[in-house]
Amino acid sequence: MCLAVPGRVLDIEERDGTRMATVDFGGVVKEVCLEYLPDLQVGEYAIVHVGFALQRLDEESARQTLELFAELGLLQEEFGDPWETAAAEAAGSEPVEEVRNQ
Amino acid sequence: MKYIDEFQDPELARRLLDDIHATVTRPWALMEVCGGQTHSIIRHGIDQLLPDQVELIHGPGCPVCVTPLEVIDKALEIASRPQVIFCSFGDMLRVPGTGRDLFQVRGEGGDVRVVYSPLDALRIAQQNPDREVVFFGIGFETTAPPNAMTVHQARKLGIANFSMLVSHVRVPPAIEAIMSSPNCRVQGFLAAGHVCSVMGVGEYPELAERFRVPIVVTGFEPLDILEGVRRAVRQLERGEHTVDNAYARAVRPEGNPAARAMLEDVFEVTDRAWRGIGVIPDSGWRLSSKYRDHDAEYRFSVDGIRTEEPAECRSGEVLQGLLKPHECEAFGTLCTPRTPLGATMVSSEGACAAYYLYRRLDMPATKTREATPVV
Ligand code: SF4
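Residues numbered from 1 in each chain as written. Chains lettered and ligands numbered in written order. Predicted model: local features only at pLDDT ≥ 70, side-chain atom pairs only at ≥ 80, totals over all residues. Heavy atoms only, no water.

> Could you clarify how one ought to interpret the site of the ligand in this entry?
Residues and elements named next belong to chain B. As a structural note, the neighbourhood of the ligand is formed by Cys 313, Arg 314, Ser 315, Cys 328, Ala 330, Phe 331, Cys 335, Leu 341, Gly 342, Thr 344, Met 345 and Cys 352. Comparing atom positions with the cavity grids shows the ligand to sit within the largest cavity. Residue classes in the shell around the ligand are distributed as eight nonpolar, three polar and one charged. (Near = heavy atom within 4 Å. 1 Å grid on protein atoms, 1.4 Å probe; cavity = no way out; pocket = protein on both sides within 12 Å on 5 of 7 lines; lining within 4 Å. Sits in = over half its atoms within 2 Å of the grid points. Nonpolar A, V, L, I, M, F, W, Y, C, P; charged D, E, K, R; others polar.)

Here it is in structure tokens:
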């Protein structure tokens with residue numbers, strides 16, 4: 001939950017008096033509130049947390065972070081189905097993770 | 001150096017590590033504040049790549065872990081009411097309250113919904129005017145501004161059936177509590193980058209000066225952490241204690257002024273109990289009286305809740321860096337992610353979960369220090 005994910009602004013519109021954007025997180029598209037970064041423009045990148053853009057990021061850093069998050073499965077954790085995860089845990093399957101040999 | 005090939009830029013990682021190895025002459029203990037950093041460290045084996053003299057102590061920076069049991073129990077109580085739609089972030093579903101969790105409440109018929117953003121909960125309230133929609137507002141300074149904006153919007157749009165159960169926590173008072181403990185071993189901090197994206201670094205110079213402790217603002221990617229450690233160790237070796245921003249691509253010194261202004265309008269600072277740790281003065285936010293109509297604690301009477309923590313769980317000591325997760329006797333036996341005794345085993349950012357997930361089970365279960373609570 002504390003993870004903030006970089007995303008790229010696809011388009012911007014005004015809704016209920018609030019500046020909202022659709023943002024692409026490496027393939028997953030979500031609605032994001034721009035009230036805290038009102039001058040963010042289409043094509044720019046920002047760090048987004050629970051549906052709010054919090055700070056601008058340059059394209060290169062954003063790309064690198066997104067690639068890393070995808071690789072580590074963190075995007076799945078952030079955007080996947082939490083009920084499935086909770087049900088799997090409750091049913092007894094341990095989190096799947098590669099075992100590292102020392 | 002094992003695993004180093006897994007780094008995004010192995011060559012840069014090697015250079016940073018070489019520099020750290022070359023700089024260190026004495027033992028130093030650094031605390032990473034953010035749970036995301038803890039996971040990154042354990043996952044990439046960063047603690048094992050560092051020189052033996054550099055010890056990383058895991059801090060209390062997991063919002064799910066530190067939400068007090070009493071608040072979880074209030075959430076469970078509210079979520080069980082038939083007229084309520086209870087909305088929460090997904091990682092709260094399996095955090096144990098006294099005897100059960102939100103996942104079970106839903107199994108018993110409670111209308112519990114997972115949202116990605118607090119604004120989703122507000123929309124659910126608009127779509128269900130005959131129901132009471134309650135959002136579980138937890139988290140640090142990164143999550144608080146979105147939640148503040150949502151309450152502000154509810155007021156602005158006159159959405160009367162929306163309220164929030166608020167249990168926000170603030171990092172600087174936690175650092176102060178940790179440093180004030182007589183048992184404190186922390187000599188430097190890796191401050192949580194995203195918290196600083198919002199709050200800036202203005203709260204830290206006073207802490208760095210008063211406790212003579214370097215505070216390095218750090219991101220949570222592996223290379224960010226190595227760079228944070230490198231800068232903290234440099235300062236320590238030189239006898240310096242300043243605030244240093246190693247995450248400048250995402251942190252401006254002033255943070256996000258719009259977000260800070262909204263926080264000030266919607267919330268007021270309050271003492272807050274941290275799960276397993278106890279009350280830390282001024283360490284949290286609650287809704288200010290102006291927004292009382294949207295405060296779930298006022299709307300639903302949930303007083304008189306009796307909480308009970310499992311006696312075996314030592315997450316309070318884990319959260320203060322006094323005990324490593326595998327040093328807890330219940331770790332991996334009584335307590336697993338499937339049968340968690342404490343929130344630190346449930347949360348994806350919890351230190352116990354990190355150790356379990358990445359198979360640090362082979363570590364010797366020796367207790368190295370006397371553990372006494374911070375507060
Ligand atoms: S291993 Fe389990 S019982 Fe032990 S401190 Fe962690 S959460 Fe608590």
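> Help me understand the pattern of salt bridges in this model?
Oppositely charged side chains can form a pair if their charged atoms are brought close together. Considering all chains together, one arrives at 30 salt bridges over all chains under this definition. A salt bridge links Arg 15 of chain A to Glu 13 of chain A, with the shortest nitrogen-to-oxygen separation between them at 2.6 Å. For Arg 15 of chain A, a relative accessible area of 28% translates into the label partly exposed. For Lys 290 of chain B, the salt bridge identified is with Asp 265 of chain B, shortest N-O distance 2.4 Å. Taken together, the residues Lys 290 of chain B in the loop between strand 11 (278–287) and helix 14 (296–299) and Asp 265 of chain B in helix 13 (residues 257–266) connect sequence positions 25 residues apart. Take Lys 290 of chain B: its relative accessible area is 46%, and that puts it in the partly exposed class. By relative accessible area, Asp 265 of chain B is classed as partly exposed at 26%. The network of salt bridges with shared partners includes Asp 19, Glu 227, Arg 230, Arg 231, Arg 234 and Asp 244 of chain B. (Salt bridge = Lys/Arg side-chain N within 4 Å of Asp/Glu carboxyl O. Buried < 20%, exposed > 50% of the residue type's maximum accessible area, 1.4 Å probe, protein only. Helix = DSSP H or I, 4+ residues; strand = E, 2+ residues; numbered from the N terminus.)

> Looking at this model, I keep getting lost on the interface of chain A and chain B. Mind explaining?
The figure often quoted for interface size is the accessible area lost as the parts come together. Counting residues at the interface gives 52 residues for chain A, matched by 63 residues for chain B. When chain A packs against chain B, close to 4,900 Å² is buried across both sides, 58% of that on carbon and sulfur atoms. Inspection of the region where chain A meets chain B yields one salt bridge. For Glu 31 of chain A, the salt bridge is made with Arg 123 of chain B, and the minimal N-O distance between the two is 3.3 Å. Where chain A packs against chain B, one counts 10 residue pairs in polar contact (both at pLDDT 80 or more). When the residues that make up the side of chain A that touches chain B are grouped by side-chain class, the tally is 27 nonpolar, 11 polar and 14 charged. (Contact = heavy atoms within 4.5 Å. Buried area = accessible area lost by both parts, 1.4 Å probe. Polar contact = N/O pair within 3.5 Å; in protein donor to acceptor, adjacent residues only side chain to side chain.)

> Would you mind showing me how to read the environment of Ala 4 of chain A here?
If you trace the backbone, Ala 4 of chain A turns up in the segment before strand 1 (5–15). With 46 residues separating them along the chain, Ala 4 of chain A and Val 50 of chain A place their C-alpha atoms 7.6 Å apart. Among residues more than four places away in sequence, those in contact with Ala 4 of chain A are Ile 47, Val 48, His 49 and Phe 69 of chain A together with His 194 and Phe 220 of chain B.

> Help me out: how do you make sense of the sheet that holds strand 7 (residues 188–192) of chain B in this one?
Within a sheet, neighbouring strands are paired by backbone hydrogen bonds and run either parallel or antiparallel to one another. All names here are of chain B. The five strands lie next to each other as 2-1-7-8-9, forming an open sheet whose pairing is parallel. For this open sheet the edge positions go to strand 2 (54–61) and strand 9 (243–245), each flanked by a neighbour on one side alone. Across this sheet, the average inter-strand angle for adjacent strands is 25 degrees, counted without regard to direction. Two elements, strand 8 (residues 215–218) and strand 9, share three bridges in a ladder whose sense is parallel. Across the sheet, residue Val 216 finds its bridge partner in strand 9, namely Asp 244. (Pairing = 2+ DSSP bridges. Axes fitted to C-alpha atoms, helices over the stretch in contact; angles between N-to-C directions.)

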